[in-house]
Amino acid sequence: MTVLSDAWTYLTTSANWTGDAGMLHLLLQQLLLTVTALAIALVIGLPIALWLGHLGRGGFLAINISNIGRAVPTFALLALFVTADFPGTGVLGPFGRAGLATLFALALFALPPLITNSYVAVREVPAEVKQAADGMGMTGLQKFLRVELPLALPLVMSGVRLALVQVWATATIAALVAGPGLGRVITDGFFRTNYGKGIAGAIVVGLVALVLELIAATLQRLADPMRGARAGRTPGGPGMSVTSPTVEPSADTVGAQ
Amino acid sequence: MLGASADGPTCYSRLTNEWICGQYVTDRREELQHATLEHLEITALAVLLGILIAFPLALAARRFHPLESTILGIATGIYTIPSLALLPLMVPFTGLSKTTVVIALALYALTILVRSVLEGLRAVPEEVVESATGLGYGAGRLLFRVELPLALPVIMAGLRVATVSTVALTTIGSLVAYGGLGNLIKDGVQTNFRAELFTAAVLCVVLAVALDVIIVLAQRLLTPWTRGVRA
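Residues numbered from 1 in each chain as written. Chains lettered and ligands numbered in written order. Predicted model: local features only at pLDDT ≥ 70, side-chain atom pairs only at ≥ 80, totals over all residues. Heavy atoms only, no water.

Where an unreviewed UniProt entry is consulted, chain B appears under the name ABC transporter permease, with the organism given as Nocardioides anomalus.

Going by the annotation in an unreviewed UniProt entry, the name recorded for chain A is ABC transporter permease, with Nocardioides anomalus given as the source organism. Regarding chain A, the UniProt comment filed under Sequence similarities (unreviewed entry) reads as follows: "Belongs to the binding-protein-dependent transport system permease family." (UniProt positions renumbered as here; feature names shortened; annotations may be inferred.)

A. Quick peek at the interface of chain B and chain A. Between chain B and chain A, the residue contacts involve 41 residues of the former and 40 residues of the latter. For the interface between chain B and chain A, the tally reads 0 salt bridges. Our count for the chain B to chain A interface comes out at 1 residue pair in polar contact (both at pLDDT 80 or more). At the level of elements, helix H3 (65-80), helix H4 (83-94), helix H5 (98-122), helix H7 (139-170), helix H8 (181-190) and helix H9 (194-222) of chain B are the ones that each hand at least two residues to the side of chain B that touches chain A. (Contact = heavy atoms within 4.5 Å. Salt bridge = Lys/Arg side-chain N within 4 Å of Asp/Glu carboxyl O. Polar contact = N/O pair within 3.5 Å; in protein donor to acceptor, adjacent residues only side chain to side chain. Helix = DSSP H or I, 4+ residues; strand = E, 2+ residues; numbered from the N terminus.)

B. Looking closely at the UniProt feature "domain: ABC transmembrane type-1" (unreviewed entry) in chain B. UniProt records the feature "domain: ABC transmembrane type-1" (unreviewed entry) at residues 36-215 of chain B, using the numbering of this structure. From the first C-alpha to the last, residues 36-215 of chain B spans 19 Å; its make-up is 86% helix and 0% strand.

C. Main features of the packing of helix H3 (residues 59-71) of chain A against helix H5 (residues 96-123) of chain A. Residues and elements named next belong to chain A. Where H3 meets H5, the axes come as close as 8 Å, and the angle between the chain directions of the two elements is 155 degrees. Overall, the two elements H3 and H5 adopt an arrangement that is roughly antiparallel. Seen along the crossing, H3 lies across H5 with a hand that is left-handed. Mapping the contact onto sequence places Gly59, Ala62, Ile63, Ile65, Ser66, Gly69 and Arg70 in H3 and Pro112, Ile115, Thr116 and Tyr119 in H5. Of the residues in the contact of H3 with H5, the class split is 6 nonpolar, 4 polar and 1 charged. (Axes fitted to C-alpha atoms, helices over the stretch in contact; angles between N-to-C directions. Parallel < 35°, antiparallel > 145°, perpendicular 65-115°, else oblique. Left-handed = near helix turned anticlockwise from the far one by under 90°. Nonpolar A, V, L, I, M, F, W, Y, C, P; charged D, E, K, R; others polar.)

D. View of the UniProt feature "transmembrane region" (unreviewed entry) in chain B. All names here are of chain B. Under the local residue numbering, the UniProt record ascribes the feature "transmembrane region" (unreviewed entry) to residues 42-59, 71-93, 99-118, 150-177 and 197-218. Overall, residues 99-118 shows 100% helix and 0% strand. The separation of its end C-alpha atoms is 27 Å. Secondary structure over residues 197-218 splits into 100% helix and 0% strand, and the C-alpha atoms at its two ends are 32 Å apart.

E. Highlighting the UniProt feature "transmembrane region" (unreviewed entry) in chain A. Residue and element names in this part refer to chain A. Within this structure's numbering, the places UniProt gives as "transmembrane region" (unreviewed entry) are residues 31-53, 60-83, 95-115, 151-178 and 198-219. End C-alpha atoms of residues 31-53 are separated by 31 Å, and the span's content is 100% helix alongside 0% strand. Annotated as 92% helix and 0% strand, the span residues 60-83 places its first and last C-alpha atoms 33 Å apart.

F. A look at the pattern of salt bridges. This structure, assessed with the given rule, holds 10 salt bridges over all chains. Put simply, A:Lys197 and A:Asp188 hold a salt bridge, and the shortest N to O gap is 3.1 Å. Residue classification places A:Asp188 among the partly exposed residues on the basis of a relative accessible area of 27%. Residues B:Arg160 and B:Asp212 are paired through a salt bridge, measuring 2.8 Å at the closest nitrogen-oxygen approach. (Buried < 20%, exposed > 50% of the residue type's maximum accessible area, 1.4 Å probe, protein only.)

G. The arrangement of the packing of aromatic side chains in detail. Residues and elements named next belong to chain B. A complete count under the given rule lists 4 aromatic pairs over all chains for this structure. Between the aromatic rings of Trp19 and Phe198, the centroid separation amounts to 6.4 Å while the plane-to-plane angle is 70 degrees, which identifies the pairing as edge-to-face. Taken as a pair, Trp19 in the segment before helix H1 (22-27) and Phe198 in helix H9 lie far apart in primary sequence, 179 residues in all. Classification of Phe198 by relative accessible area gives partly exposed; the value is 28%. A centroid spacing of 5.3 Å and a plane angle of 75 degrees characterise the contact between Tyr24 and Phe193, whose relative ring orientation is edge-to-face. Placement of the pair is Tyr24 in helix H1 and Phe193 in the loop between H8 and H9, with a sequence separation of 169 residues. Phe193 carries the same exposure label as Tyr24, and that label is buried. (Phe/Tyr/Trp six-rings, centres within 6.5 Å; stacked < 30°, edge-to-face > 60°.)

H. Spatial organisation of H5(B). Residues and elements named next belong to chain B. In this model, H5 (25 residues) spans 36 Å end to end at C-alpha, consistent with the 36 Å of a helix rising 1.5 Å per residue. Of all the bends in H5, the greatest measures close to 30 degrees and is centred on Leu110. Across the 25 residues of H5, 18 count as buried, placing the element largely inside the fold. (Expected span 1.5 Å × (residues − 1). Bend = angle between axes of the 7 residues up to and from the residue.)

I. Quick look at the confidence of the model for chain B. Residues and elements named next belong to chain B. For chain B, mean pLDDT is 85; residues scoring 70 or higher make up 94% of the total. Of all secondary-structure elements in chain B, the lowest mean pLDDT belongs to helix H10 (residues 225-230), at 66, while helix H2 (residues 29-63) reaches the highest, 92. Scored below 50 in pLDDT, residues 1-8 makes 3 contacts in the model with residues more than four places away or belonging to other chains. For this predicted complex, the interface confidence score (ipTM) comes to 0.80, while the overall pTM stands at 0.79. (pLDDT = per-residue confidence, 0-100.)

Set out below in C-alpha cells:
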C-alpha cells in the first residue's frame, strides 16, 4: 500500500511537526481543548450526578439526560455554535471562534458518560455499608464523603476515562468547521487526496488516545480505596475484579423500565 | 418591514436568516425527506452489519476464553480511532461511497454490541442453564431457546445505545458526501444557512429518539415476561 508508506514518510519528516501549522502545535491545541472540555464537564456534571446518587433520586433524569445527550450529533451542535451569534465573532483566547464552539460541544458530549457512571457508582454502594454508616451515627454529608464517595471512586474514574478518550477522538471534528486540532491534518490530507497525510494524522490521534487511556487507567487504579486490601488477597480469589467495568449497557436498563 | 409581503424575502432568505423557519421546511420538503431517508438507511444498514459481525464474535469470545480479551481489546481499539479519521482510512479501499460510511459506522456499533451480547449471556443464571441442560437441551437449542431470550434485555439496551450513537455519527459521513442529514448541516455551516442547519439538527435528534422508542417497544413485545416481574 503506497498510502501507508506515504503516511510513514509524512510522519518521519520533521518539517511536518514543527511550526505553527505543524502537528506538534496542533496536538497541543487539541490536548488543551480536550482537557478544558473535560474539566468543564466534570465541574458541571460530577457534583449533580454524585449528589443525586447519594439521594437515590433522579435516576430517571440522570439516565435520560444521558440518552438524549447521546442522540445529539456533536457535529450538529458544533455547527450550531459556530453559526450562532453568541459568543461574538472575535478570536477568543487560545481557542479562537471555532475552538470555543468545539469546547462547548465537547463539554456537552462528555456529560453523558460522566453523569451515568457517577450516578450509578454512588447508587450501587452496597446497602449494608450505607446502613453501617448510618448505625455509626454519620450524618448524610459524612456518609457521602467518607463512605460512598471513596467506594464509588473507581467507577466514577472509569466514566472519566471513557469521557477522556471519547472527547479526545471527537475533538478532531473541530476541523469540519475550520477549528483547531489534529483534525486539520486529517481533513487537509483528505480534501487534497493526500491520503498519506490524512492517515498520518489519524495514526497520531490514535496513538495519543492510547497514551491517554493508559494514563487514565493508572489513575483509576490509584483511585481505588480497596487497592491495598485486594493486593493482600489470595490470587484468583472470588469476586472483585480490579478494573471496574464501564456501566454502559447495564446502566441503561435502569431507565428502560 | 422586510419579509412582510408575500413576494418579499421569506424567513430563510439571506436577509433574515432565521433559525426556525416553517417556510423552509415546506419548500424543501423533498430535500429533507431524501436526506432523512438516506440517514435512516445508512444507520439501519450499519447497525445490522454491526449485529451480524458482533454476534459470532461474542459467541466465539464466550466459547474460547483466550479470545475474549483479544476481541474486546480490538473492539475497544476501534473506538479510539476518531470517526473523522476512520472514513479517510477506508477511502483507499472502498472509495467515496455509501459502503465506506456503513462499514465505518458498523465498526463503531460493533464495540458496543459485542460487549452487551457478552454481558447479556453472562447474566443468564447458572441454574437456568443447568436445568435446561438437564432437560436435554443441546448447545444450539440452549442458546436460541433459553440463553438468548433471557439475555435480550441487556442486548437490547446495548442496541439502543448503538443505534442512537450511530444516528449521531452518521452526520460525519458528510465528509464523503454520504451523511444524510449531516450533508445539510455541513452545507448550512458553509453557506451560513441557519434554517437548514437547525432543521437538519433537530431531525437528527427526532430520528434518534424515534428509533430508540421503536427498540423499547420491540423489546416489550419480545420479552413479555419482564413486565410481570417488575410490576
